[in-house]
Amino acid sequence: MAHSKTKFDAVSAARTIFSLIRTDMDAVESEYERQISSNIQFLDHLGKYLKDSGGKRVRPALLLLSYRSVLSGEGEKDVSAVRLASVMEMLHTATLVHDDIIDNADRRRNRPSINSKFGNQTAVLIGDWLYMSAFETSLAERDLEILDILTRLTRLMTEGELIQLTVLGSTRLTVDDYFDILRRKTAYLFSACCEIGALLAGAPVGQREALRDYGLNLGMAFQLADDVLDFVADDGTLGKKAGVDLLEGKLTLPLLLYLEKNPEATKWLEDIMLNGAYGPLEREGLLEKLLSSGVIEETRRKAFSFAEAARKNLDVLQASEYRNALEEIPIYMIEREK
């Protein structure tokens with residue numbers, strides 16, 4: 001594979017994808033800003049801090065592209081699509097705020113995390129406020145199917161976080177357990193974005209299910225790519241400390257695959273998790289072992305298999321520039337550098 005060329009193509013694809021929905025995404029930014037503003041000064045300040053922290057806005061983009069891929073022109077639900085795209089970004093932001101508290105993370109997107117800057121109590125409350133604001137906004141649709149998707153999604157994400165808490169620092173985690181947590185914490189949000197986009201566009205059942213499955217497979221590929229980046233990227237590129245998952249007691253797929261091949265490394269990894277720090281040159285040594293054992297490449301291959309499954313899910317859609325964009329996203333997700 002011409003790796004550098006693929007990365008260049010991925011960046012070009014990302015620009016093309018977002019240019020297709022630029023007007024919609026600009027509207028999402030305005031709606032998002034409106035939703036997180038408050039007449040309570042401190043809340044308004046926190047909302048602005050979160051918005052200014054940026055983010056790729058992948059989830060709103062997925063909802064909008066799914067919506068546009070089903071329509072043949074302008075839709076009567078355009079305003080609803082923008083509103084719900086911003087709702088999905090709010091839900092995503094709420095999960096990040098709460099995750100950072102649980103993980104004691106001090107950085108998020110190259111800035112101090114909410115919990116490190118304002119304290120855990122404030123972070124808990126702003127996360128709760130974001131969840132409630134998102135549901136209040138979604139209620140404006142008066143659509144029980146959408147509310148059903150959102151409530152089920154929120155429950156699954158919370159369950160994923162709770163399940164992960166029970167296995168933090170444990171090397172007894174299985175690959176099946178890992179994928180269960182991954183689906184709940186990451187992939188179901190992608191899936192819900194795509195399904196709601198299809199629903200708003202009035203997609204027939206077959207297309208709606210296909211886009212739901214596309215989002216699920218895409219979310220799996222996205223998180224596996226993140227697992228790889230956690231080891232091979234540097235701190236500045238990631239916007240957080242590299243190699244931090246293991247320090248937080250989380251065994252990701254490369255580590256689980258490595259332990260299957262090298263069970264004698266169990267005590268070593270347990271000590272790193274217990275200490276919450278790498279010894280001198282220990283992170284570099286671990287990366288070298290993961291690379292030489294082939295588990296980084298094996299994780300990449302698994303990510304590509306989910307990406308290919310996602311692309312196949314789109315076969316039921318009619319040809320359009322929006323479907324083309326959805327087909328490009330899986331590879332962009334894997335080849336991105338942050």
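Each value, and the rule that gives it
- Residues numbered from 1 in each chain as written.
- Predicted model: local features only at pLDDT ≥ 70, side-chain atom pairs only at ≥ 80, totals over all residues.
- Heavy atoms only, no water.
- Core = buried A, V, L, I, M, F, W, Y, C linked by side-chain atoms within 4.5 Å.
- Buried < 20%, exposed > 50% of the residue type's maximum accessible area, 1.4 Å probe, protein only.
- Helix = DSSP H or I, 4+ residues; strand = E, 2+ residues; numbered from the N terminus.
- Contact = heavy atoms within 4.5 Å.
- Expected span 1.5 Å × (residues − 1).
- Axes fitted to C-alpha atoms, helices over the stretch in contact; angles between N-to-C directions.
- Parallel < 35°, antiparallel > 145°, perpendicular 65-115°, else oblique.
- Left-handed = near helix turned anticlockwise from the far one by under 90°.
- Nonpolar A, V, L, I, M, F, W, Y, C, P; charged D, E, K, R; others polar.
- Patch = residues over 30% accessible without salt bridge, like charges linked within 9 Å, V, L, I, M, F, W, Y side chains within 5 Å.
- Areas by Shrake-Rupley, 256 points an atom, 1.4 Å probe, with all protein chains shown as cover.
- Salt bridge = Lys/Arg side-chain N within 4 Å of Asp/Glu carboxyl O.
- Phe/Tyr/Trp six-rings, centres within 6.5 Å; stacked < 30°, edge-to-face > 60°.
- Lys NZ or Arg CZ within 6 Å of the ring centre and 35° of its normal.

*Asks:* How should I be thinking about the nonpolar core in this particular structure?
*Replies:* Considering soluble globular proteins, one finds that nonpolar side chains tend to be buried as a cluster. Of all hydrophobic cores here, the largest spans 66 residues; its most connected members are Leu62 and Met88. The dominant element in this core, judged by the number of residues it contributes, is helix H5 (residues 78–103), at 11 residues. Excluding residues that lie within four positions of it along the chain, Met88 makes contacts with Leu63, Leu150, Leu153, Leu189, Ala192, Cys193 and Ile196. Residues Leu224, Leu251, Leu256 and Leu269 belong to the second largest nonpolar core, which totals 32 residues.

*Asks:* What exactly am I supposed to notice about helix H10 (residues 205–232) here?
*Replies:* An α-helical turn contains 3.6 residues, so a residue and the one three or four places further along point in the same direction. A rise of 1.5 Å per residue sets the reference length of H10, with its 28 residues, at 40 Å; its end C-alpha atoms lie 41 Å apart and thus fit the reference within 8%. Among the 28 residues in H10, 20 count as buried, and that is most of the element.

*Asks:* Hey, could you run me through the packing of helix H4 (residues 58–70) against helix H17 (residues 321–335) in this one?
*Replies:* To describe two helices that pack against each other, one gives the angle between their axes and the distance between the axes. At a minimum axis distance of 8 Å, the contact between H4 and H17 shows a crossing angle of 150°. For the element pair H4 / H17, the angle class is roughly antiparallel. Both H4 and H17 take part in a crossing whose hand is left-handed. Across the interface between the two elements, Val58, Leu62, Leu65, Ser66, Arg68 and Ser69 of H4 pack against Tyr322, Arg323, Ala325, Leu326, Ile329 and Met333 of H17. Looking at the contact of H4 with H17, its residues break down into 8 nonpolar, 2 polar and 2 charged.

*Asks:* How do you make sense of a nonpolar patch on the surface when you look at a structure like this?
*Replies:* A surface patch of nonpolar side chains, amounting to about 310 Å² of accessible area, comprises Ile102, Leu162, Leu165 and Leu168. With respect to the secondary-structure elements, Leu165 resides in helix H8 (residues 144–167). For Leu165, a relative accessible area of 40% puts it in the partly exposed group.

*Asks:* Please explain the packing of aromatic side chains as it appears in this structure.
*Replies:* Centre-to-centre distance and the angle between the planes together describe a pair of aromatic rings. Per the stated rule, a full pass over the model turns up 5 aromatic pairs. Seen in terms of ring centroids, Phe42 and Phe118 are 6.0 Å apart; in terms of plane orientation they differ by 70°. Their pairing is edge-to-face. Here the residue Phe42 occupies a position in helix H3 (residues 41–52), and Phe118 occupies one in helix H6 (residues 114–118), the gap between them amounting to 76 residues. The interplanar angle of 90° and the centroid separation of 5.6 Å between the aromatic rings of Tyr49 and Phe118 together place this pair among those described as edge-to-face. Residue Tyr49 is found in helix H3, and its partner Phe118 is found in helix H6; the two are separated by 69 residues along the sequence. For Tyr49, a relative accessible area of 10% translates into the label buried. Sitting over the face of the ring of Tyr49, Arg111 holds its NZ or CZ atom 4.1 Å from the ring centroid. Here Lys117 stacks its cationic end above the ring of Phe118, 5.8 Å away from the centre of that ring.

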